[in-house]
Amino acid sequence: MEVLEAYFKVKSNKGAAGVDEQTIADFESNLKRNLYKVWNRMSSGSYFPPPVRTVMIPKANGGERALGIPTVADRVAQMVVKNRMEPLVEPLFHPDSFGYRPGKSALDAVGWARQRCWSFAWVCDLDIKGFFDNIDHELLMRAVRKHVKEKWMILYIERWLKAPAQDEAGHLTMRERGTPQGGVISPLLANLYLHYGFDLWMLKKWRHLPFERYADDIIIHCRASWEANMVRAGVEKRLRECGLELHAEKTKLVYCKDSNRQETHAHEKFNFLGFTFRPRKATTRRGGQFCSFSPAISNDAAGKIRDEIRRWKLHLRTAQSIAQLAREINPKLRGWLNYYGRFNPSALRPIERHVGQSLVRWACRKYKTLRNHRSRAWTWLLRVIARQPGLLALWERQRYTTSTIGAV
């Protein structure tokens, strides 16, 4: 049953309650009835999506952005349509489009960007202003109708685009443009929009220039500064035709400086998907050193991780054992290491030290013999690491980084 399959996908994605304040657990408490209501209304054409709950969340570079949270039932309905629509459009998408696609990931995009920065001297780093909020409904529906022939799917996609937004005070705002960032079907619709608005245009105008696009995060590789300037101007004009606008201050041309490129330019680094690309020292297989333009965890991403570790307040949780703490925080640590540790993992050492310092503070409060003795607590912690290197996700790496103690 399509609706049941859609529900299990929604459940696996978790997510907060919508305007009806119904959580996934609440929805599941009467699952059969709730799924029947979704199926019955969708099959009869009488399904009207409720308003989308809007929550403001902080942006990495300051300010806030609106996250739209549909109700659980609405997410199930959207998943039904997404499951039908995705096989129709996915085979058509450009191979350099990586966002929200099966078999592709952000790390794939970062890996291709790294490789291409070695071959192309310049990057055009694009920032689209308020992309999800400014998608033109008419242009999007034209693309939808080109590929989706079932009228009921077209009907519901239109209704989702027009569903009003409800803020935390309960005020409703009618939506004339955009698609809520947080809706189940929004990423697929966004990819379809930029498939026609950007990807196919690049194939037509600049086929020889590779790019990486993850939703609206886009970088284009160019051979020279004059070419990068031409590309930027062309993209800006093209996006205006699609009702979109480049952010003038955040869009920039970046020189990929390395051992073979020694010129000096105003911009020699850029951020992409949580990584900062810039010139870095690298070592050859024979031990020699050279300059490589490569990615490592960005300062913004590292700062967010440290903030989250502080919110754990490990030093106050002295009723728990170190094994209990490890079981609780390992999923997060492993996720960070698997993602940010893929490229230049040594850049994660400050985060490893931060976790180590939190555990030292915990040990000093838990054990009287270690109280007010930070260096002794570090010695104790390193002994635990030596005995149980697999206890904490990052300890296998820390085991060989004795500089951790000296950094305290």
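Heads up: the structure comes first, above all this text.
For the structure given in this document, a descriptive report is provided here.

Analysis parameters
Residues numbered from 1 in each chain as written. Predicted model: local features only at pLDDT ≥ 70, side-chain atom pairs only at ≥ 80, totals over all residues. Heavy atoms only, no water. Helix = DSSP H or I, 4+ residues; strand = E, 2+ residues; numbered from the N terminus. Buried < 20%, exposed > 50% of the residue type's maximum accessible area, 1.4 Å probe, protein only. Contact = heavy atoms within 4.5 Å. Areas by Shrake-Rupley, 256 points an atom, 1.4 Å probe, with all protein chains shown as cover. Pairing = 2+ DSSP bridges. Axes fitted to C-alpha atoms, helices over the stretch in contact; angles between N-to-C directions. Core = buried A, V, L, I, M, F, W, Y, C linked by side-chain atoms within 4.5 Å. Patch = residues over 30% accessible without salt bridge, like charges linked within 9 Å, V, L, I, M, F, W, Y side chains within 5 Å. Salt bridge = Lys/Arg side-chain N within 4 Å of Asp/Glu carboxyl O. Phe/Tyr/Trp six-rings, centres within 6.5 Å; stacked < 30°, edge-to-face > 60°. Lys NZ or Arg CZ within 6 Å of the ring centre and 35° of its normal.

## So, the overall build of the protein
Now for step 1: Across its full length, the protein holds 15 helices and eleven strands.
Now for step 2: For the C-alpha atoms alone, the extent of the protein along its principal axes is close to 70 × 60 × 35 Å.
Now for step 3: Burial status across the protein gives 49% buried among its 408 residues.
Now for step 4: The contacts of the protein with a sequence gap of at least 6 include a subset with a gap of at least 24, amounting to 66%.
Now for step 5: Taken as a whole, the protein presents about 21000 Å² of accessible surface, with 50% of it coming from carbon and sulfur.

## Focus on the sheet that holds strand β8 (residues 252-255)
Now for step 1: Taken together, the four strands give an open sheet; going across it, the order is β6-β7-β3-β8, and neighbouring strands pair in antiparallel fashion. Edge positions in the sheet fall to β6 (211-214) and β8, since each of these pairs with one other strand and no more. On average, each strand axis in the sheet is inclined to that of its neighbour by 15°, with strand direction left out of account.
Now for step 2: Both β6 and strand β7 (residues 217-222) contribute to a ladder of four bridges, which runs antiparallel. Of the residues in β7, the one forming a bridge with F211 is I220.
Now for step 3: Seen against the sheet, helix α8 (residues 186-205) touches β3 (122-127), β6 and β7 and runs at an angle of roughly 170° to β6.

## Brief notes about the nonpolar core
Now for step 1: By size, the foremost hydrophobic cluster in this structure holds 67 residues, and its most contacted members are V144, I157 and I220.
Now for step 2: Core analysis: the second largest hydrophobic core is formed by 51 residues, F275, I297, L370 and L391 among them.

## Some words on the sheet that holds strand β4 (residues 165-166)
Now for step 1: Across the sheet, four strands lie side by side as β2-β1-β4-β5; this open sheet has mixed pairing. Only two strands of the sheet have a single partner each, and these edge strands are β2 (64-69) and β5 (172-173).
Now for step 2: Where β4 meets β5, two bridges bridge the pair, whose relative direction is antiparallel. Bridge pairing links A165 to T173 in β5.

## Focus: a nonpolar patch on the surface
Now for step 1: Taken together, the side chains of M1, L4, F8, Y36 and W39 define a hydrophobic patch exposed on the protein surface, amounting to about 560 Å² of accessible area.
Now for step 2: Within the residue set of the nonpolar patch, elements represented by two or more residues are α1 (2-13) and α3 (31-44).
Now for step 3: Counting through the fold element by element, Y36 comes out in helix α3.
Now for step 4: Relative accessible area serves as the criterion here: at 49%, Y36 is assigned to the partly exposed category.

## Thoughts on the packing of aromatic side chains
For any pair of aromatic rings, geometry is given as the distance between the ring centres together with the angle between the planes.
Now for step 1: Scanning the model with the defined rule gives 20 aromatic pairs in all.
Now for step 2: Look at W122 and Y255: their rings are 5.3 Å apart centre to centre, the planes differ by 50°, and that puts the pair in the tilted class. One end of the pair, W122, is in strand β3; the other, Y255, is in strand β8, with 133 residues separating them in the sequence.
Now for step 3: A residue is classified by how much of its surface remains accessible, and W122, at 8% relative accessible area, is buried.
Now for step 4: One aromatic cluster is present, formed by Y47, W152, Y156 and W160 through successive ring pairs.
Now for step 5: Here R159 stacks its cationic end above the ring of F48, 3.7 Å away from the centre of that ring.

## Comments concerning the pairing of strand β10 (residues 275-283)
Now for step 1: Sheet topology places strand β9 (residues 270-272) next to β10; three bridges connect them, and they run antiparallel. Looking across to β10, one finds that F270 is bridged to F277.
Now for step 2: Hairpin connection, β9 to β10: the antiparallel pair is bridged by two residues, and L273 has positive phi, about 55°.
Now for step 3: Looking at chain direction, β10 and strand β11 (residues 289-297) are connected through nine bridges and run antiparallel. Counterpart to P279 in the pairing with β11 is F293.
Now for step 4: Where β10 folds back onto β11 in an antiparallel hairpin, the turn is made up of five residues, including G287, whose phi is positive at roughly 95°.

## Structural notes on the environment of G335
Now for step 1: Summarising the element assignment, G335 is placed in helix α11 (residues 322-340).
Now for step 2: Here the alpha-carbon distance between G335 and A393, two residues 58 residues apart in the chain, equals 9.4 Å.

## What about unusual backbone geometry?
One can expect most non-glycine residues to show negative phi and most peptide bonds to be in trans.
Now for step 1: Positive phi outside glycine occurs at E21, with the angle close to 60°.
Now for step 2: Note that E21 resides in the loop between α1 and α2 (24-29).
Now for step 3: E21 gets classed as exposed once you look at its relative accessible area, which sits at 64%.
Now for step 4: The phi angle at N372 is positive, at roughly 65°, despite the residue not being glycine.
Now for step 5: Position of N372 among the secondary structure elements: in the loop between α12 (349-366) and α13 (374-387).

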